Amino acid sequence: MTAVLIRHGRTQGNLEGRYIGSGTDEPLCARGVEELRARVYPDVSRVYVSPMLRCVQTAALIYPRHTPIVVPDLRECGFGAFEGKNYAELNGNPDYQRFIDSGGEAAFPGGEARADFAARCVRAFEALLPGTRGAAAAFIVHGGTIMAVMERYARPRGRYFDFQVRGGEGYVLLDGGEYEKLGSAKR
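Residues numbered from 1 in each chain as written. Predicted model: local features only at pLDDT ≥ 70, side-chain atom pairs only at ≥ 80, totals over all residues. Heavy atoms only, no water.

Engineer: Summarise the packing of aromatic side chains; cite the residues concerned and give the values.
Structural biologist: Enumeration according to the criterion identifies 18 aromatic pairs in this entry. Taking 5.3 Å as the distance between ring centres and 80° as the angle between the ring planes, the aromatic pair formed by phenylalanine 82 and tyrosine 96 counts as edge-to-face. On the criterion of sequence distance, the pair formed by phenylalanine 82 in the loop between strand S3 (69-70) and helix H4 (87-90) and tyrosine 96 in helix H5 (residues 94-101) is long-range, its members being 14 residues apart. Of the two residues, phenylalanine 82 and tyrosine 96, neither departs from the other in class, the shared state being buried. Plain terms: the ring middles of tyrosine 96 and phenylalanine 99 are 6.5 Å apart, the flat faces sit at 25° to each other, and that makes the pair stacked. (Phe/Tyr/Trp six-rings, centres within 6.5 Å; stacked < 30°, edge-to-face > 60°. Helix = DSSP H or I, 4+ residues; strand = E, 2+ residues; numbered from the N terminus. Buried < 20%, exposed > 50% of the residue type's maximum accessible area, 1.4 Å probe, protein only.)

Below, the structure is given as structure tokens:
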């Protein structure tokens, strides 16, 4: 099986450095659409998506001939009290400082802990594996979802934050865990 893990295109909140999680169903911004249209993506036989609008829109742009299969547990992390805010708005907040001091491991106040979020995403990914044997499948998801799957499956191993990608970027994950970053091929 080949898994093509692609982060959704950019949204206005992404451009502003905001925590845009499962509590904000934000659409792609014009810049995000342009960036996606400028890239070439691998051919696949199936497309799985997070239910978030930004992922569904990305899938429609990248793989217009496929009907995406919505997988609720591939959705972004719940950022709780930090949802929709950026560093400048959170700077000085004691809850935010505790989160930063934890290295991103503490639960977001009123939201998910990274470990719980990652476990949810990996379970959802693993549940889809039997249906994709011998095929290439695209997963149009979120940066955190990609980091969780790559931390679990990538060889050589890496830590969660080692697998960060920008909008429209991602990885091709092969059977056995070998991987390569998606090329920056432009149309």
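Engineer: Lay out the sheet that holds strand S4 (residues 136-141) in plain terms, naming residues and giving numbers.
Structural biologist: Pairing within the open sheet is mixed, and its six strands lie in the order S3-S2-S4-S1-S5-S6. Two strands close off the open sheet at either side, each with one partner strand: S3 and strand S6 (179-181). Relative to S6, strand S5 (residues 170-174) runs antiparallel, the two being bridged by three bridges. Residue pairing across strands places valine 172 opposite glutamate 180, the latter belonging to S6. Each of strand S1 (2-7), S4, S5 and S6 is contacted by helix H7 (residues 143-153), which is oriented at about 145° to S1, the strand it contacts most. (Pairing = 2+ DSSP bridges. Contact = heavy atoms within 4.5 Å. Axes fitted to C-alpha atoms, helices over the stretch in contact; angles between N-to-C directions.)

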